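Working through the structure, step by step
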Amino acid sequence: MATLKMGGPFKFTRGECNARIEKISPGNYALGKIHPTKKNFIVQYVGRADIDLNDRIKEHLTEGYSHFKYSYAGTPKEAFVKECANYHDFGEDKKLHNKAHPSKPIEDNCNCPVCNC
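Before going into details, it helps to say that this report is about the structure given with it. (Residues numbered from 1 in each chain as written. Predicted model: local features only at pLDDT ≥ 70, side-chain atom pairs only at ≥ 80, totals over all residues. Heavy atoms only, no water.)

1. Thoughts on the overall build of the protein chain
The helix and strand inventory of the protein chain stands at four helices and four strands. Its helices and strands in sequence order give the protein chain the pattern β-α-β-β-α-β-α-α, from N to C terminus. Here the C-alpha radius of gyration of the protein chain, 13 Å, is about what a compact globule of 117 residues would show, namely 13 Å. Projected onto the principal axes, the alpha-carbon positions of the protein chain cover approximately 40 × 30 × 25 Å. Out of the 117 residues in the protein chain, the part that is buried amounts to 44%. Within the protein chain, residue pairs in contact and separated by at least 24 positions form 70% of the contacts whose partners lie at least 6 positions apart. (Helix = DSSP H or I, 4+ residues; strand = E, 2+ residues; numbered from the N terminus. Rg over C-alpha atoms; globule rule 2.2 N^0.38 Å. Buried < 20%, exposed > 50% of the residue type's maximum accessible area, 1.4 Å probe, protein only. Contact = heavy atoms within 4.5 Å.)

Spelled out as structure tokens, the structure:
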């Protein structure tokens, strides 16, 4: 079974992001909602930040997601690798709102570990 390996879910508000994501760091996030009856987190979007996770995740605040999960990464490449895994695990174009496969970090010439693109 696929797992995000992230903390949360937390309410997706500016205040909650600031309270939870306390350090400037690369990282990963998932946005979604809580299932109304099962009460589990439904992943609708996966993303990453190469520099500042808190700033990057808040760029999505107006998109209608109610909850988020997150994790820090040591490097942009590490965040890219995890974002690719999450993208492939949670539905690619079938279930996620992501419009395209994750882009490579600017400073690292690496390929997706799942599809090698």
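So that's the structure; there's more coming.
2. Some remarks on the pattern of salt bridges
Taken as a whole and judged by the stated rule, the model has four salt bridges. For R48, the salt bridge identified is with D50, shortest N-O distance 2.7 Å. With relative accessibility at 10%, the residue R48 sits in the buried group. Note on D50: relative accessible area 26%, which makes it partly exposed. E59 is paired through a salt bridge with R56; the nearest N and O atoms lie 2.6 Å apart. Its relative accessible area of 51% is what places E59 among the exposed residues. By relative accessible area, which is 25% here, R56 ends up partly exposed. (Salt bridge = Lys/Arg side-chain N within 4 Å of Asp/Glu carboxyl O.)

3. Looking at the nonpolar core
What tends to happen in soluble globular proteins is that the nonpolar side chains get buried as a cluster. By size, the foremost hydrophobic cluster in this structure holds 13 residues, and its most contacted members are F12, L31, I57 and F68. Taken together, the elements giving at least two residues each to this core come down to β2 (27-34), β3 (41-49), α2 (53-58) and β4 (67-72). The next biggest cluster of nonpolar side chains, apart from the first, holds nine residues, and it includes L4, F41, V43 and F90. (Core = buried A, V, L, I, M, F, W, Y, C linked by side-chain atoms within 4.5 Å.)

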